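Notes for the structure review
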Amino acid sequence: MTVRVRPQAGGWLTVGQACRLLGVDPSTLRAWTDTGRLPAFRTPGGHRRYRREDLEAFVVRQRRRRTLQEVVGARAARLLPGSSRRQIRAQPWYARVGPEGAESLRQTCRRLMEALAGYLSGGRHRGLSLREGEAAGRALGQEVAARGLSPPDAARAFLFFKEAIVESVATRLPVGAEDKVAALRRIDAFLDRVLVEMMAAYGRAAG
């Protein structure tokens, strides 16, 4: 977001000064500005200028976001073991899967959780973590198809583990309500992509 103004002397920072304050290169600063994450102002000559208070507020928001991602990511890798074997055995699809199959599904879901933790941690590896999650989804689809689950039961098995993740984040994550909602939305988006991959792989394996 860029607004054309006439900066007052001493009240604005140049691109170079803003980059030094944030510790980034000019291309990153321009990208943040062009996508609206960081406000900038244009001089009559067309040069970008930044207010120090805007930059400092941005640093606080970034630090808060990274902290949330680290907390959620660390917790996510430990959530799935909270689903007890008794809970799993009570599911309607368990009779067809059996104890060996259920344990195998748990292991694949652990792989999925590791990918989710990486995705929530953000950064340049976020896309890779999403692809790893989708690969785990495909593995789940092949596995449930091989064990003879119907499409509804395959979806129910996935949703069982998804609900365990969401419930754990909602009840045990030590962050405020706003941050928790943001984390749950990211988890939901990630797992929706995984479910699509799982059911596509199921269809290929079952067909």
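Refer to the preceding data block for the structure.
Right, let's walk through the structure included here.

As for the packing of helix H7 (residues 151–172) against helix H8 (residues 177–206)
Two quantities define a packed helix pair, namely the angle between the axes and the distance from one axis to the other. Following both chains from N to C, one finds H7 and H8 inclined at 165°, their axes separated by 11 Å at the closest point. The pairing of H7 with H8 is recorded here as roughly antiparallel in orientation. For the crossing formed where H7 meets H8, the hand is right-handed. Between H7 and H8, the contacting residues are Pro151, Ala154, Ala155, Phe158, Lys162, Ile165, Val166, Val169 and Ala170 on the first element and Lys180, Leu184, Ile187, Asp188, Leu191, Asp192, Val194, Leu195, Met198, Met199 and Tyr202 on the second. When the residues that make up the contact of H7 with H8 are grouped by side-chain class, the tally is 16 nonpolar, no polar and four charged.

Some details on the side chain of Asp54
Inspection of the secondary structure puts Asp54 in helix H3 (residues 52–79). Engagement of the side chain of Asp54 in a polar contact is seen with the side chain of Arg51, the distance being 2.9 Å. In contact with Asp54, other than residues within four places in its own chain, are Leu38, Pro39 and Phe41.

Describing the environment of Glu53
Inspection of the secondary structure assignment puts Glu53 in helix H3. Along the sequence, Glu53 and Trp12 sit 41 residues apart, while their C-alpha atoms lie 9.7 Å from each other.

Focus: the packing of aromatic side chains
Summed over all chains, the structure comprises four aromatic pairs. Aromatic pair Trp12 and Phe41: ring centres 4.6 Å apart, planes at 65°, arrangement edge-to-face. Placement of the pair is Trp12 in the loop between strand S1 (2–4) and helix H1 (15–22) and Phe41 in strand S2 (residues 40–42), with a sequence separation of 29 residues. Judged by relative accessible area, Trp12 falls into the partly exposed class, the value being 21%. On the basis of relative accessible area, Phe41 is assigned to the buried category, the value being 12%. Ring centres of Trp32 and Phe58 lie 4.7 Å apart, and the angle between their planes is 50°; on these two criteria the pair is classed as tilted. Here the residue Trp32 occupies a position in helix H2 (residues 26–34), and Phe58 occupies one in helix H3, the gap between them amounting to 26 residues. Residue Trp32 is classed as buried on the basis of its relative accessible area, which comes to 15%.

Comments concerning the nonpolar core
Counting 32 residues, the largest nonpolar core has Trp93, Leu112 and Phe190 as its most contacted members. Going through the elements one at a time, helix H5 (94–121), helix H6 (126–146), H7 and H8 are the ones with two or more residues in this core. If you tally residues by element for this core, the top one is H5, at 11 residues. Not counting chain neighbours up to four residues away, the residues in contact with Trp93 comprise Ile88, Leu105, Leu149, Asp153, Arg156, Ala157, Phe160 and Phe161.

Cut-offs and rules
Residues numbered from 1 in each chain as written. Predicted model: local features only at pLDDT ≥ 70, side-chain atom pairs only at ≥ 80, totals over all residues. Heavy atoms only, no water. Axes fitted to C-alpha atoms, helices over the stretch in contact; angles between N-to-C directions. Helix = DSSP H or I, 4+ residues; strand = E, 2+ residues; numbered from the N terminus. Parallel < 35°, antiparallel > 145°, perpendicular 65-115°, else oblique. Left-handed = near helix turned anticlockwise from the far one by under 90°. Contact = heavy atoms within 4.5 Å. Nonpolar A, V, L, I, M, F, W, Y, C, P; charged D, E, K, R; others polar. Polar contact = N/O pair within 3.5 Å; in protein donor to acceptor, adjacent residues only side chain to side chain. Phe/Tyr/Trp six-rings, centres within 6.5 Å; stacked < 30°, edge-to-face > 60°. Buried < 20%, exposed > 50% of the residue type's maximum accessible area, 1.4 Å probe, protein only. Core = buried A, V, L, I, M, F, W, Y, C linked by side-chain atoms within 4.5 Å.

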